[in-house]
Amino acid sequence: MRSTPLVPTIDLHPWREGDDETRADIARTVDRALQTAGFLLVTGHGVDAGLRARVRAAAREFFLLPTAVKEPYAARVGGRGWLAQGAEANGYAEGTETPPDLKESLTFANDVPYADAAVDAEWCAPNVWPQEVPELRELCEEYLGRMAALEEELLSLLGEALGLEPDFFSRHMAHPTYGFNINWYPGTDVVGPPSPGQFRIGPHTDFGTVTVLDRQAGKGGLQIWTDTDGWTDAPYDPAALTVNIGDLLARWTGDRWRSGRHRVLPPPSDLPAEELMSLVYFGECTPGTRVESVPAPVGRVAYEPVDSHVYLRAKLDSITVK
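The shown structure was predicted, so the numbers you read here are calculated from the model rather than taken from an experiment. (Residues numbered from 1 in each chain as written. Predicted model: local features only at pLDDT ≥ 70, side-chain atom pairs only at ≥ 80, totals over all residues. Heavy atoms only, no water.)

1. Considerations on the packing of helix α3 (residues 49-63) against helix α6 (residues 135-161)
Okay, so step 1: It is the contact of α3 with α6, at a shortest axis distance of 9 Å, that shows an interaxial angle of 140 degrees. In terms of orientation, α3 and α6 fall into the oblique class. Considering how the two elements wind past one another, α3 and α6 form a crossing that is left-handed. Residues L51, R52, R54, V55, A58, A59 and E61 of α3 pack against E135, L136, L139, C140, E142, Y143 and R146 of α6.
Okay, so step 2: Taken together, the residues that form the contact of α3 with α6 break down as eight nonpolar, no polar and six charged. (Axes fitted to C-alpha atoms, helices over the stretch in contact; angles between N-to-C directions. Helix = DSSP H or I, 4+ residues; strand = E, 2+ residues; numbered from the N terminus. Parallel < 35°, antiparallel > 145°, perpendicular 65-115°, else oblique. Left-handed = near helix turned anticlockwise from the far one by under 90°. Contact = heavy atoms within 4.5 Å. Nonpolar A, V, L, I, M, F, W, Y, C, P; charged D, E, K, R; others polar.)

Here is the structure:
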């Protein structure tokens with residue numbers, strides 16, 4: 001029997017208010033979890049359940065519109081707007097040739113300009129807000145404000161869990177190109193039966209730093225990969241947010257921490273009306289950040305330094321269904 005779960009629940013209240021011993025114990029738990037699964041459940045985050053429900057309800061209004069109404073909002077992967085079913089195949093990023101993912105997404109990102117026109121052109125396009133659901137913008141902007149504050153707190157925790165300064169990561173994210181996807185996973189009554197090897201989202205790791213996920217439980221839900229257990233259903237707590245680290249942060253730690261590999265199962269054939277929706281916040285760096293592996297004994301692999309956004313663009317291009 002394991003002494004601690006592979007995906008522990010971290011309560012941020014004692015992290016904020018606890019004594020040195022309590023905080024050190026939390027930091028050790030986080031370090032162990034990110035070495036094995038790359039995932040955490042986080043409570044005490046202060047993100048209101050009612051706000052999350054309102055975001056979902058407004059997004060669902062959009063997703064249920066006729067395709068012809070949604071098409072003017074169509075975007076490329078990594079852009080802003082609507083991603084139709086068939087736009088992405090996340091398994092491509094790890095070399096798995098899956099059919100396109102069975103989902104639709106609304107995707108938004110930072111729109112506060114940088115001082116560099118080239119950066120603005122690639123990473124700071126205006127967000128596209130559907131006119132048919134006018135309340136969605138205010139709801140998403142409120143949610144994103146909560147995510148930005150939470151990400152700052154999580155990054156400080158991660159810096160200390162690695163035995164480094166609390167701002168070791170956060171100082172590189174003063175003006176990030178965060179991404180925010182609202183992923184809609186309809187049932188087989190909408191998308192039909194999945195093809196062989198087809199998922200709601202194919203197996204992959206996230207590309208950037210920290211992902212904060214508000215998800216719903218379902219038979220066709222999230223699974224995570226560990227070396228000890230293979231694919232297992234991700235633990236679920238409706239009060240918790242699911243947090244995982246991505247490829248850039250794993251590189252930054254010299255593979256001390258693993259980028260959390262995961263997938264979302266196909267819609268179940270015996271529950272044709274199962275419909276799930278996830279709110280996915282992708283924390284990223286300020287453009288031009290140089291990501292260099294921390295040395296041993298903290299780091300275990302010395303990767304060549306990379307430009308954070310050259311790396312991200314290549315990854316986003318890799319999952320685009322041509």
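2. Observations regarding the sheet that holds strand β11 (residues 262-264)
Okay, so step 1: Taken in spatial order, the four strands of this open sheet run β6-β11-β8-β9, and their pairing is antiparallel. The sheet is open, and its two edges are formed by β6 (201-204) and β9 (230-233), each paired on a single side. Each strand axis lies, on average, 20 degrees off the axis of its neighbour in the sheet, ignoring direction.
Okay, so step 2: Sheet analysis places strand β8 (residues 222-226) next to β9, joined by four bridges and oriented antiparallel. Among the inter-strand pairings, W225 is bridged to a residue of β9, identified as W231. (Pairing = 2+ DSSP bridges.)

3. A look at the pattern of salt bridges
Okay, so step 1: All told, the structure shown has 19 salt bridges when counted by the stated rule.
Okay, so step 2: The residue E275 makes a salt bridge to R60 at a minimum N-O spacing of 2.6 Å. Here E275, found in the loop between β11 and β12 (276-283), pairs with R60, found in helix α3; they are 215 residues apart in sequence, far enough to count as distant.
Okay, so step 3: Taking relative accessible area as the criterion, E275 reaches 29% and is therefore assigned partly exposed.
Okay, so step 4: The partner of K103 in a salt bridge is E88, and the shortest N-O contact between them spans 3.1 Å. Taken together, the residues span a long stretch of sequence, with K103 in the loop between β3 (81-83) and β4 (104-109) and E88 in the loop between β3 and β4 at a distance of 15 residues.
Okay, so step 5: On the basis of relative accessibility, which here comes to 5%, the residue K103 falls in the buried class.
Okay, so step 6: Residue class for E88 comes out buried when judged on its relative accessible area of 8%.
Okay, so step 7: Where salt bridges share partners, they join R52, R56 and D214 into one cluster. (Salt bridge = Lys/Arg side-chain N within 4 Å of Asp/Glu carboxyl O. Buried < 20%, exposed > 50% of the residue type's maximum accessible area, 1.4 Å probe, protein only.)

4. Some details on the environment of L150
Okay, so step 1: Turning to its location among the elements, L150 is positioned in helix α6.
Okay, so step 2: L150 sits in the buried class, given a relative accessible area of 3%.
Okay, so step 3: In this view, L150 contacts L12, H45, V47, V212 and L241; residues no more than four positions away in its chain are not counted.

5. Here's the deal with the nonpolar core
Okay, so step 1: The biggest cluster of nonpolar side chains holds 70 residues, and the ones touching the most others in it are L158, F169 and I182.
Okay, so step 2: Looking at which element gives the most residues to this core, the answer is α6, with 12 residues.
Okay, so step 3: Leave out the neighbours within four places in its chain, and L158 touches V30, L34, F169, V210, I245, L249 and W257.
Okay, so step 4: Y185, I224, V264 and V280 belong to the second largest nonpolar core, which has 14 residues in total. (Core = buried A, V, L, I, M, F, W, Y, C linked by side-chain atoms within 4.5 Å.)

6. Section: the packing of helix α2 (residues 20-36) against α6
Okay, so step 1: Interaxial distance between α2 and α6 falls to 8 Å at its minimum, and their mutual angle equals 85 degrees. With respect to α6, the axis of α2 lies roughly perpendicular. Where α2 approaches α6, its residues R23, I26, A27, V30, D31 and L34 are matched on the opposing element by L157, L158, E160 and A161.
Okay, so step 2: The residue makeup of the contact of α2 with α6, split by class, is seven nonpolar, no polar and three charged.

7. What about the sheet that holds β4?
Okay, so step 1: With mixed pairing, the eight strands of this open sheet are ordered in space as β1-β2-β10-β7-β12-β5-β4-β3. Both outer strands of the open sheet, β1 (9-11) and β3, are each paired with one neighbouring strand and no more. Pairwise comparison of adjacent strand axes, ignoring direction, gives a mean angle of 25 degrees for this sheet.
Okay, so step 2: Bridge count for strand β7 (residues 210-214) against β12 is five bridges, and the pairing is antiparallel. Each residue of the ladder has a partner; that of V212, found in β12, is Y281.
Okay, so step 3: Here α6 sits on the sheet in contact with β1, β2 (39-43), β4, β5 (179-185), β7, β10 (241-245) and β12, set at roughly 130 degrees to β7.

8. Details of unusual backbone geometry
Note on backbone geometry: most residues besides glycine have negative phi, and most peptide bonds are trans.
Okay, so step 1: With an omega of 10 degrees, the peptide bond running from A296 to P297 counts as cis.
Okay, so step 2: When you line up the elements, P297 lands in the loop between β13 (290-291) and β14 (306-307).
Okay, so step 3: A positive phi angle, close to 65 degrees, is found at D255, a residue other than glycine.
Okay, so step 4: With respect to the helices and strands, the residue D255 is situated in the loop between α8 (247-252) and β11.
Okay, so step 5: Overall, D255 belongs to the partly exposed group, its relative accessible area being 31%.

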